[in-house]
Amino acid sequence: MSRFHKLLRVNLSTQIYTEEDIPSEYEKIFIGGKGIGTKYLVKELGPHIDPLGPENKFIIATGPLTGTSAPASSRYETITKSPLTGIYLDCNSGGHFAQEIKATGFDLFVIEGVSEKPVIIFINNNKVSFIDATNIWGMYIYDTENYVKKFLKDPAVRVMSIGPAGENLVRFASVSSDYSRQAARGGSGAVLGSKKVKAIAVKGTQDIPIANFYSFLLSVKKAREVIFNNPWVPDQRKYGTPRTITSVNMIGLLPVNNFTEGAVESVASIDEFAVEALNSKRLSCGECPIACARGYNRGKFSIEGPEYETIALLGPNIGVLDLNEIAEFNYYCNQYGLDTMSTGALIGALLASGKINFGELEKKREKIIQLFKQISYREGIGDVLAEGLRFAGKKLDISYLMPEVKGLGIPAYDPRCSDGTALVYMTADRGACHLRSWPLGRELASVWGENDLDKKIDFVRNQQDEKAAEESLIVCQFAYGIGLLNEILPEMVNEATGEDWDLAKMKIAGERIWNLSKLFNIKEGMSRKDDYLPEKFAVEGIKSGPLKGKVISREKQDFMLDKYYELRGWTKKGVPTPETLNRLGIEEEI
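Residues numbered from 1 in each chain as written. Predicted model: local features only at pLDDT ≥ 70, side-chain atom pairs only at ≥ 80, totals over all residues. Heavy atoms only, no water.

(A) The arrangement of the sheet that holds strand E12 (residues 197-203) in detail. One open sheet accounts for six strands, arranged E8-E7-E12-E9-E10-E11; its pairing is mixed. The two strands at the open ends of the sheet, each matched to only one other strand, are strand E8 (127-132) and strand E11 (181-183). The sheet shows a mean angle of 20° between the axes of neighbouring strands, direction not considered. Where strand E9 (residues 158-161) lies against strand E10 (residues 175-177), two bridges are found, and the strand directions are antiparallel. Residue pairing in the sheet places Met160 in a bridge with Ser177 of E10. Across the sheet, helix H4 (residues 141-151) lies against strand E7 (119-124), E8, E9, E10 and E12, angled at about 140° from E9, the strand it touches most. (Pairing = 2+ DSSP bridges. Helix = DSSP H or I, 4+ residues; strand = E, 2+ residues; numbered from the N terminus. Axes fitted to C-alpha atoms, helices over the stretch in contact; angles between N-to-C directions. Contact = heavy atoms within 4.5 Å.)

This is the structure we're talking about:
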């Protein structure tokens, strides 16, 4: 139990909605969340469809722990074909939206087709209403959420929405919920924009069925004890992700001036203490014992954040060390519905290219804010930039400067400084992503030596599988670690569902999901040639900082890919072998 075994399919073209049973076999081999959502995407999308066309699907998925009292389980996945990269895309977001999805009595929503005019989809338990949104098309994110709550006369309704960037099909437009919570990477906001969906409002009143209620509560208690006894948690609770910036700068991993330098002289103006001094309140996702989010409120600039990635990529990466400016940039990105990571990576490359005169200090700030608007409304140079890093790089003849893998901007950790992180960026199923595995912590703790490449590669391969399973449950990596680290996880799932999981079964499910998304990408034309870092990182050393001169050569990248493919049971071209697919039971997906 804790599953409803049902999905809600909403066809925008016909304004017809239907309920479908989710096959029990899908639940047994893909768990839920990312896994089942990926299965439906692979099953229902033919290769080479236009991500912004009517054939694309927008899937919202929960897991078997969503809506329960399991710690840090208030998360959902969106799964679609990315308009930015042209390949598989899933995004994971927290807040409180996920719990409301589950309380409607469905585990999965599938949004398909295209509406004739802008629309709000209102899902109230098992009833769907289509509300004309023509009058709010063009409205900012925060205003949209307020409007929907007021229109429905229910401040407790949960809202997912897009801003002008999504409406104008910016290929890295984000989807927002709970105002500042973002499913941001890869352009899922543009997918909703192409379907003329301004917002999805959700209201659920169904109880979540638990198979063994009292045993489940005991498992939850044990999970909370493990979390609170973790020595990493107190500082994460106190400072959140901004605590990362001090250590990353000290080591030389910080992206500075478009990934040319690895450190700045001082991060005191943007570090965790600076963030803490400006925070107005502590915020939390549902059922989270850590509560690592922060509220920033200065005048009209009220946001949840900024988080580490935004601080780094819209800070030192573009030559800004003023926290209030970074928070202001964060606010505008949230309101327009822009992924802060892609936006920061893109502006960093533009600054480095000299193609645009940004001016100094105040003029630079004004120019950056103007660029947010130009991108969101596709005005002037913004029309080119709205196509994303790879397209803009080619159009402006600055591809060498663009920090991206498969079209997705590189996160705020320089891959030249971490072999494991480089491999994660190279092989992640949605393009450059730091959330598919986290070898960096172990590298910095000297768990491995400089030359222990085989151990790093094996770790990445294993943790990618574990993380795919974790995002199928769905739980937050901050609470449980990035992988499947404790038997309490399957215990909670078993007590909630009445099923029979253990860590080994979950890891196999994760491997199955990882191979499934790989097959999707192969059908879209991806191959080994797409599994490399940009040339810059192989030939241009870091210009300053503790790791000055460091590169990650193409030879090392080839060595890592060869070993990684071998461990995965893939060919040297990066294609899963028939034997691997047979072992995982997904041979029919070839």
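Having seen it, we continue.
(B) Representation of the sheet that holds strand E2 (residues 16-21). Strand order in the open sheet formed by six strands is E2-E1-E6-E3-E4-E5, with mixed pairing between adjacent strands. A single partner strand is all that each edge strand has here, and the edge strands are E2 and strand E5 (88-93). Across the sheet, the mean angle separating the axes of adjacent strands is 20° when strand polarity is ignored. Note that strand E4 (residues 76-81) and E5 share six bridges and pair antiparallel. Bridge pairing in E5 places Tyr76 opposite Ser93.

(C) How the structure looks around helix H13 (residues 340-353). Taking 1.5 Å of rise per residue, 14 residues should cover 20 Å, and H13 covers 20 Å from first to last C-alpha, within 8% of that figure. Within H13, burial applies to Thr340, Met341, Ser342, Thr343, Gly344, Ala345, Leu346, Ile347, Gly348, Ala349 and Leu350. With a side-chain oxygen positioned 3.1 Å from the backbone nitrogen of Met341, the residue opening H13 is Asp339. Directly beyond the C-terminal end of H13, a positive phi value near 75° is found at Gly354. (Expected span 1.5 Å × (residues − 1). Buried < 20%, exposed > 50% of the residue type's maximum accessible area, 1.4 Å probe, protein only. Polar contact = N/O pair within 3.5 Å; in protein donor to acceptor, adjacent residues only side chain to side chain.)

(D) How the structure looks around the pairing of strand E14 (residues 293-298). Inspection of the sheet shows E14 paired to strand E15 (residues 301-304) by four bridges, in the antiparallel sense. Opposite Arg298, over in E15, you have Phe301 as the bridge partner. The hairpin formed by E14 and E15 contains two residues between the paired strands, and Gly299 there has a positive phi angle of roughly 65°.

(E) Summary view of the nonpolar core. If you look at the biggest cluster of nonpolar residues, it comprises 86 residues, and the most contacted ones within it are Leu254, Leu338 and Phe372. Element by element, the count of residues in this core is highest for helix H12 (residues 323-336), at eight residues. Once you skip the residues sitting within four places of it in the chain, Leu254 turns out to touch Ile245, Val248, Asn249, Glu261, Gly262, Ala263, Val264, Val267, Tyr308, Ala312 and Pro316. (Core = buried A, V, L, I, M, F, W, Y, C linked by side-chain atoms within 4.5 Å.)

(F) Just the packing of helix H17 (residues 419-427) against helix H19 (residues 453-473), in detail. One can describe the packing of H17 onto H19 by two numbers: an axis separation of 9 Å at closest approach and a directional angle of 45°. Compared by their axis directions, H17 and H19 come out oblique. As H17 runs across H19, the sense of the crossing is right-handed. Only Leu453, Lys456, Ile457, Val460 and Gln464 of H19 make contact with H17, whose side of the interface consists of Asp419, Gly420, Leu423, Val424 and Thr427. Counted by class, the contact of H17 with H19 contains five nonpolar, three polar and two charged residues. (Parallel < 35°, antiparallel > 145°, perpendicular 65-115°, else oblique. Left-handed = near helix turned anticlockwise from the far one by under 90°. Nonpolar A, V, L, I, M, F, W, Y, C, P; charged D, E, K, R; others polar.)

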